[in-house]
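# Chain and residue survey
Residues per chain are reported as follows:
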Amino acid sequence: MSLLKSFNTIKIASIALAGLVSVTASAQKTCKNQYPCGYCAVYDNNGNDLAGFITNYKQQLSFSGDKVAEFSGNEWGYLLVRTAHVPSVSSKWETQGNLNHAAYIRTTLAMQQTKDGGKATWWARECNLDNGPVVQLKVNDEGRVSMEQLRYEKVMSELSAKKLTLVEYLDTFNMRDYDNMLKSHIVTRCGAINKEDYKTVVDFYNTFLGKFSYIDDPVLAKMSFVTFCAGGGNRQYIGYFNVVNSKLSGKLDALDIQYEKDRDSVVKRTFKKLTGKTIYIYGDDSFGLDKTLIKYAKSNDLKLRRRKTSATTKFNDER
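Everything numeric in this text was worked out from a predicted model, so none of it was measured.

### Points about the nonpolar core
- Core analysis: the largest hydrophobic core is formed by 55 residues, its most contacted members being Tyr-205, Phe-208, Phe-225 and Leu-248.
- With 7 residues, helix H6 (residues 198-209) is the largest single contributor of residues to this core.
- Leu-255, Val-267, Leu-274 and Tyr-296 belong to the second largest nonpolar core, which has 17 residues in total.

Take a look at the structure:
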């Protein structure tokens, strides 16, 4: 085959591939059933709905939410969330029939703990895309939901006044939701924080927050933070934060190292989520991970800096 013919063959194949990608992207944007079934999300999805979530987890909300409020002096917000698979529909106003159970929409069900009790909300993303437009449809629940419902924008607006919001999830979560909707926040799996450690965690991260003069600072955009918090009974927690949309976006996990290989897995998994090139290791004990942290940073051209909880220098003053 001549060089020219080979070039033309490659060119045609590239055009075809580009066209396929374009068609796929277009199909995603104009999916047939782009909305969640609203009444299904709220009360008619075999218990996998807002009404069922409230019934089954209201006590969990009250326990954890009250602990967070008490130990933070009501300066932290609290959300308990879970994900439901809701049938999709083609129209926002569709109420009966034409439900597509195969093309489901992942829908976030959420309860906010407040001093006046719990408040509930939900939202989804069109076409089941992680970055699709956020949607919440108006539904007459006819008294089927035992907690006050609010628009998700209202819930997020109330939480915006908090120093930090703790989001506990039951199954899965989309960090993009909280990065876009909330101010500074930390997300963790429900049960990861031992019930005896809420005060320790709140106190630790309040001290961490005190190391910032303010978050809306371009200097911080190039930084990420890995935190190590010691709980009671030899319990250990690792968290990370990026600065996203001029706020702190974090994830907290219980640390469980059984074997030497677990050290590499934990560090790799954590560092893959970091966006900064300068990484601050914050805490008084990194639980035996120092060598692994240094090795990973050198291999990936990252700058590591240590900060103890007693340090008085603000992160904003670093260059």
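We are not done yet, so read on.
### A short note on the packing of aromatic side chains
- Here the structure, examined in full by the defined rule, presents 22 aromatic pairs.
- Relative to Tyr-43, the ring of Tyr-39 has its centre 6.2 Å away and its plane inclined at 40°; by these criteria the two rings are tilted. Both residues of the pair, Tyr-39 and Tyr-43, count as buried.
- For the ring pair Phe-228 and Phe-287, a centre distance of 5.7 Å and an interplane angle of 80° mean the geometry is edge-to-face. Of this pair, Phe-228 sits in strand S9 (residues 223-230) while Phe-287 sits in the loop between strand S12 (278-282) and helix H8 (290-299), and the two are 59 residues apart along the sequence.
- What links up through ring pairs into an aromatic cluster is the set Phe-204, Tyr-205, Phe-208, Phe-212, Phe-225, Phe-241, Tyr-280, Tyr-282 and Phe-315.

### Side note on the state of the cysteines
- The tally for this structure, following the rule as stated, stands at 2 disulfides.
- Here Cys-31 connects covalently by a disulfide to Cys-127, the sulfurs 1.9 Å from one another. Because the sign of the S-S torsion sets the handedness, a value of about -90° for the bond joining Cys-31 and Cys-127 places this disulfide among the left-handed ones. Here Cys-31, found in the loop between helix H1 (3-29) and strand S1 (35-36), pairs with Cys-127, found in the loop between strand S4 (117-125) and strand S5 (134-135); they are 96 residues apart in sequence, far enough to count as distant. Taken as a pair, Cys-31 and Cys-127 share a single burial class, namely buried.
- Paired by a disulfide, Cys-37 and Cys-40 hold their sulfur atoms 2.3 Å apart. Between Cys-37 and Cys-40 the disulfide shows an S-S torsion of about 70°. By sign, it is right-handed.

### A look at the pattern of salt bridges
- Evaluated as defined, the whole model comprises 14 salt bridges.
- Taking the shortest distance from any N to any O, the salt bridge between Lys-251 and Asp-253 comes out at 2.5 Å.
- Residue class for Lys-251 comes out buried when judged on its relative accessible area of 8%.
- Asp-253 gets classed as partly exposed once you look at its relative accessible area, which sits at 29%.
- In this structure, Arg-305 engages Glu-318 in a salt bridge whose closest nitrogen and oxygen atoms are separated by 3.4 Å. One end of the pair, Arg-305, is in strand S13 (residues 303-307); the other, Glu-318, is in the segment after S13, with 13 residues separating them in the sequence.
- Judged by relative accessible area, Glu-318 falls into the buried class, the value being 13%.

### Quick word on the packing of helix H7 (residues 260-271) against H8
- The geometry of H7 relative to H8 is characterised by a closest axis approach of 10 Å and an angle of 50° between their N-to-C directions. When the interaxial angle is binned, H7 and H8 end up oblique. Handedness of the crossing formed by H7 with H8: right-handed. Across the interface between the two elements, Arg-263, Asp-264, Val-267, Lys-268 and Phe-271 of H7 pack against Thr-292, Leu-293 and Tyr-296 of H8.
- Counted by class, the contact of H7 with H8 contains 4 nonpolar, 1 polar and 3 charged residues.

### So, the packing of helix H3 (residues 50-71) against H6
- With their axes 9 Å apart at the nearest point, H3 and H6 run at an angle of 45° to one another. In this view, H3 runs oblique relative to H6, as classed from their interaxial angle. Remark: the crossing between H3 and H6 carries right-handed chirality. Touching Phe-63, Ser-64, Lys-67, Val-68 and Phe-71 of H3 are Tyr-198, Lys-199, Val-202 and Asp-203, all from H6.

### Let's talk about the environment of Ser-224
- Position of Ser-224 relative to the elements: it lies in strand S9.
- Accessibility expressed as a relative area gives 0% for Ser-224, which makes it buried.
- The sequence separation of Ser-224 and Tyr-240 amounts to 16 residues, and the corresponding C-alpha distance is 7.4 Å.
- There is a polar contact of 2.8 Å between the side chain of Ser-224 and the backbone nitrogen of Gly-276.

About the thresholds
- Residues numbered from 1 in each chain as written.
- Predicted model: local features only at pLDDT ≥ 70, side-chain atom pairs only at ≥ 80, totals over all residues.
- Heavy atoms only, no water.
- Core = buried A, V, L, I, M, F, W, Y, C linked by side-chain atoms within 4.5 Å.
- Buried < 20%, exposed > 50% of the residue type's maximum accessible area, 1.4 Å probe, protein only.
- Helix = DSSP H or I, 4+ residues; strand = E, 2+ residues; numbered from the N terminus.
- Phe/Tyr/Trp six-rings, centres within 6.5 Å; stacked < 30°, edge-to-face > 60°.
- Disulfide = S-S within 2.5 Å.
- Salt bridge = Lys/Arg side-chain N within 4 Å of Asp/Glu carboxyl O.
- Axes fitted to C-alpha atoms, helices over the stretch in contact; angles between N-to-C directions.
- Parallel < 35°, antiparallel > 145°, perpendicular 65-115°, else oblique.
- Left-handed = near helix turned anticlockwise from the far one by under 90°.
- Contact = heavy atoms within 4.5 Å.
- Nonpolar A, V, L, I, M, F, W, Y, C, P; charged D, E, K, R; others polar.
- Polar contact = N/O pair within 3.5 Å; in protein donor to acceptor, adjacent residues only side chain to side chain.

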